[in-house]
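Chain by chain, the residues run as shown.
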Amino acid sequence: MHKQSFTLDDARKLDADDPLAAFRDRFYLPPGKDGKPQIYFCGHSLGLQPKTTAQVIGDELDDWQRLGVEGHFRSRHPWMPYHRFLTEYTAELVGALPTEVVNMNSLTVNLHLMMVSFYRPQGERRKLLIEKGAFPSDRYAAESQVRYHGLNPAKDLLEIAPRDGETTIRDEDLLGIIDQQGEQIALILLPGVQYYTGQVFDMATITEAAHKKGCLAAFDLAHTAGNIPLQLHDWGVDFATWCSYKYLNSGPGSVAGCFVHERHGEDRELPRFAGWWGHDQESRFEMGPEFKPMPGAEGWQLSNPPILALAPVLASLEIFHEAGMGRLREKSLALTGLMEKLLHERLGDRLEILTPDNPQQRGSQLSVRLTGQRNSRDSRREVFDALAALDVICDWREPDVIRAAPVPLYNSHEDVWKFVERLAECL
Ligand SMILES: *Cc1c(COP(=O)(O)O)cnc(C)c1O
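Residues numbered from 1 in each chain as written. Predicted model: local features only at pLDDT ≥ 70, side-chain atom pairs only at ≥ 80, totals over all residues. Heavy atoms only, no water.

## Thoughts on the sheet that holds strand E11 (residues 351-353)
Judged by pairing direction, the sheet is antiparallel, and its four strands sit side by side in the order E11-E12-E15-E14 without closing on themselves. Of all the strands in the sheet, the pair left with one neighbour each is E11 and strand E14 (395-397). Recorded for the sheet is a direction-independent mean angle of 30° between the axes of neighbouring strands. Examined bridge by bridge, strand E12 (residues 366-370) and strand E15 (residues 401-404) share four bridges and lie antiparallel to one another. Of the residues in E15, the one forming a bridge with serine 367 is arginine 403. (Pairing = 2+ DSSP bridges. Helix = DSSP H or I, 4+ residues; strand = E, 2+ residues; numbered from the N terminus. Axes fitted to C-alpha atoms, helices over the stretch in contact; angles between N-to-C directions.)

## Considerations on the site of the ligand
What surrounds the ligand is the set Leu107, Thr108, Phe135, Asp138, Asp220, Ala222, His223, Tyr245 and Lys246. Taking aspartate 138, its side chain carries an N or O atom lying 2.5 Å from a nitrogen atom of the ligand. Here the shell around the ligand is composed, by residue class, of four nonpolar, two polar and three charged. (Near = heavy atom within 4 Å. Polar contact = N/O pair within 3.5 Å; in protein donor to acceptor, adjacent residues only side chain to side chain. Nonpolar A, V, L, I, M, F, W, Y, C, P; charged D, E, K, R; others polar.)

## A look at the pairing of strand E9 (residues 239-242)
Alternating residues of E9 divide into Phe239 and Thr241 and Ala240 and Trp242, and every residue in both groups is buried. Pairing between strand E8 (residues 216-220) and E9: three bridges, direction parallel. Each residue of the ladder has a partner; that of alanine 218, found in E9, is phenylalanine 239. Relative to strand E10 (residues 257-260), E9 runs antiparallel, the two being bridged by four bridges. Within E10, the residue paired with threonine 241 across the bridge is cysteine 258. (Buried < 20%, exposed > 50% of the residue type's maximum accessible area, 1.4 Å probe, protein only.)

## Considerations on the environment of arginine 350
Tracing the sequence through the fold places arginine 350 in the loop between helix H13 (325-347) and E11. Residue arginine 350 is classed as buried on the basis of its relative accessible area of 18%. A C-alpha to C-alpha distance of 8.3 Å links arginine 350 and leucine 427, two positions 77 residues apart in sequence. At a separation of 3.2 Å, a polar atom in the side chain of arginine 350 contacts the main-chain carbonyl oxygen of leucine 427.

## Focus on unusual backbone geometry
Residue proline 399 follows glutamate 398 across a cis peptide bond; omega there is 0°. Mapping proline 399 onto the fold places it in the loop between E14 and E15. Its identity as a non-glycine residue notwithstanding, methionine 287 has a phi of 55°, on the positive side. By the element assignment, methionine 287 lies in the loop between helix H11 (262-265) and helix H12 (307-323). What makes methionine 287 exposed here is its relative accessible area of 56%. Positive phi, normally seen in glycine, also occurs at aspartate 391, with a value near 65°. By secondary structure assignment, the location of aspartate 391 is in the loop between helix H14 (377-389) and strand E13 (392-393). What makes aspartate 391 buried here is its relative accessible area of 9%.

Here is the structure:
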């Protein structure tokens with residue numbers, strides 16, 4: 001019998017001492033087949049529902065019933081300025097000034113709106129730098145923006161890849177490209193945390209290097225917001241956008257967040273696609289023909305926001321404010337570190353971890369590739385399916401990667417221990 005250095009009891013002791021343990025109870029954990037909660041490690045795809053969400057949405061439905069159109073002004077959270085109720089906590093979450101953030105649209109829509117303003121190829125400076133393994137939507141958005149400017153993606157969409165035989169991009173390679181080709185690059189668009197490998201990009205250093213060469217630096221924070229602490233303002237990031245349904249637990253397809261650095265927010269001359277909700281609020285209802293953008297990120301809003309989809313973002317942000325990103329990060333490091341340690345100890349010869357082993361270079365995620373005797377893709381997929389049959393919910397990425405996210409708000413050390421045990425069982 002395998003001698004275990006870390007037992008279920010040890011995991012339970014860590015949970016008993018965990019200052020954030022009580023937050024688990026604020027979420028609905030989907031039940032498994034035995035009626036007990038699933039081992040849910042899919043917060044990187046769809047975060048779980050806070051127990052407050054239904055109430056927060058319900059309040060808006062009630063106010064709409066009671067007040068009709070008057071709800072714009074007289075509801076408990078008047079709809080007219082509703083997005084403002086989210087501003088303070090959003091700014092806190094990503095390290096921004098309140099005027100630099102807004103919750104609007106969805107992530108890919110925001111990428112396009114931002115690129116309209118901040119990808120402005122001119123003269124020799126035409127390139128858009130992304131990563132080779134970018135999330136497909138980001139690549140489609142970037143490539144279509146290049147084409148939209150009449151340029152050729154084969155020449156002007158620059159894609160940085162890991163070295164042969166490696167899975168993550170080295171800082172030195174990235175900084176090298178910026179150094180060598182910076183004069184030709186208009187915009188750099190990278191993830192904060194890479195969705196496939198879980199690699200954290202050094203946003204501060206990349207932004208600094210980009211600015212030195214006169215390029216703009218932007219980040220897709222889909223897997224980053226609510227995962228690691230951010231200082232977007234201090235790092236000088238030009239823009240960023242993120243969805244709210246992954247680590248931010250705001251429900252499928254919920255409203256996305258967007259950051260525009262204050263150095264751009266006041267620039268009314270910037271080209272942008274405009275809509276009435278981005279118009280100066282004092283004169284918005286004069287319904288005049290001339291667009292006058294609001295200062296700050298709000299000036300990029302198009303439509304009046306979907307209140308029923310903003311309400312769950314508010315419910316979620318309240319939880320993040322209460323827990324605090326600092327404490328969440330601490331627990332995230334502990335859970336992810338424990339998962340890595342147990343995987344190595346129990347299954348070191350059966351798998352490979354693609355995620356960087358330096359804790360500073362990863363968030364709440366390990367991407368695991370099964371190796372060993374089971375070499376065909378089919379048999380590896382079988383392992384994943386067997387895991388799901390044991391109520392362990394992770395995510396499968398073609399061709400052969402299991403991504404598991406131990407989320408500090410609702411996952412426990414016990415979850416991590418059980419995950420590794422059950423994976424061992426499946427192998
Ligand atoms: C999840 C994710 C998306 C999804 O985009 P939507 O517009 O919200 O559908 C896009 N890009 C990245 C990097 C993601 O992780």
